[in-house]
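Read off the chains here:
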Amino acid sequence: GLAAAPGAVTATPASAHSVRVAWQPATVPGGSVSGYVVERMTKQAVPSALGSLYGHAEVQKVMTYTSVDVPNRWTNATGGTFTLAFGDVDEPLPGTVAATQGRQYLRTSVDLTPHLGRRDEIKVCAAADACQTLTVAENRVFNSTHLYVDQVYTGATAIGATLYHRDTTIPLAWDASAADVEGALDALASLGDVRVS
């Protein structure tokens, strides 16, 4: 059976990105504890409708469709891979990009096709205070040297700009199990507790 909640729970910073959690063992009448589940939630800036600052359960559905021209024609995926992303657009991508004011493409110093997908939201930063958020184009060139976007780049022309994207899972098989998807999402630093069914 389930034990009572453990007592004397403490949380202390262990590093800039981790917390050390400790507690007194819970008791199980006539038995012993075989394991614990530790859940993590990210504090929100604004309380939820119930007044909580620590998030709420959220249900997400992943669906595929045949083309951007037929957005309401849903189909079953029968091959390939997919990724899921969460959080702010603040994860740096490898290499740099050249962004020219008034153009609708970026030139990349390294191949970003393994790291980005069409319609991914990205952020180009020529300097810390000079960033523009863009979206990878659905139907235009995206190869090892060029990345077309849906919007015109309006910032100052820059060579060596940094490109960011959301924290993203490893590629998952089209028929990944719920456990595989949950494991990949749990590995994202930007995401709290996840349950996939």
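Residues numbered from 1 in each chain as written. Predicted model: local features only at pLDDT ≥ 70, side-chain atom pairs only at ≥ 80, totals over all residues. Heavy atoms only, no water.

1. Some words on the overall build of the protein
Reasoning step 1: Along its length, the protein carries one helix and 13 strands.
Reasoning step 2: Each helix and strand of the protein, placed in order from N terminus to C terminus, yields the pattern β-β-β-β-β-β-β-β-β-β-β-β-β-α.
Reasoning step 3: Sorting the 197 residues of the protein into buried and exposed places 21% on the buried side.
Reasoning step 4: Considering only contacts in the protein between residues 6 or more positions apart, those separated by 24 or more positions represent 51%.
Reasoning step 5: Counting every atom, the protein has about 13300 Å² of accessible surface; 53% of that belongs to carbon and sulfur. (Helix = DSSP H or I, 4+ residues; strand = E, 2+ residues; numbered from the N terminus. Buried < 20%, exposed > 50% of the residue type's maximum accessible area, 1.4 Å probe, protein only. Contact = heavy atoms within 4.5 Å. Areas by Shrake-Rupley, 256 points an atom, 1.4 Å probe, with all protein chains shown as cover.)

2. Here's the deal with the pattern of salt bridges
Reasoning step 1: Evaluation of the coordinates by the stated rule reveals two salt bridges.
Reasoning step 2: One salt bridge connects R119 with E138, and the closest N-O pair in it is separated by 3.8 Å. Taken together, the positions of R119 in the loop between strand 8 (105–108) and strand 9 (121–127) and E138 in the loop between strand 10 (130–135) and strand 11 (146–148) put the pair 19 residues apart, joining distant regions of the chain.
Reasoning step 3: One salt bridge connects R166 with E121, and the closest N-O pair in it is separated by 2.1 Å. Within this pair, whereas R166 is found in strand 12 (residues 158–168), its partner E121 is found in strand 9, the two being separated by 45 residues in sequence. (Salt bridge = Lys/Arg side-chain N within 4 Å of Asp/Glu carboxyl O.)

3. A few points about the confidence of the model for the protein
Reasoning step 1: With 71% of its residues at a pLDDT of 70 or more, the protein shows a mean pLDDT of 78.
Reasoning step 2: Looking across the protein, the model is least confident in strand 3 (residues 64–67), with a mean pLDDT of 43, and most confident in strand 7 (residues 97–99), with 96. (pLDDT = per-residue confidence, 0-100.)

4. Considering a nonpolar patch on the surface
Reasoning step 1: Residues V9, V19 and V21 make up a contiguous nonpolar surface patch of roughly 250 Å² in combined accessible area.
Reasoning step 2: Summarising the element assignment, V19 is placed in strand 2 (residues 18–24). (Patch = residues over 30% accessible without salt bridge, like charges linked within 9 Å, V, L, I, M, F, W, Y side chains within 5 Å.)

5. Notes on the packing of aromatic side chains
Reasoning step 1: Scanning all chains against the criterion turns up one aromatic pair.
Reasoning step 2: Ring geometry for Y105 versus Y148: centroids 5.3 Å apart, planes at 45 degrees, classification tilted. In this pair, Y105 sits in strand 8 while Y148 sits in strand 11, placing the two residues 43 residues apart along the sequence.
Reasoning step 3: Given a relative accessible area of 17%, Y105 falls into the buried group. (Phe/Tyr/Trp six-rings, centres within 6.5 Å; stacked < 30°, edge-to-face > 60°.)

6. Thoughts on the side chain of T169
Reasoning step 1: Structurally, T169 can be placed in the loop between strand 12 and strand 13 (172–173).
Reasoning step 2: Those residues in contact with T169 that lie beyond four places of it in its chain are T83, L84, A184, L185 and L188.

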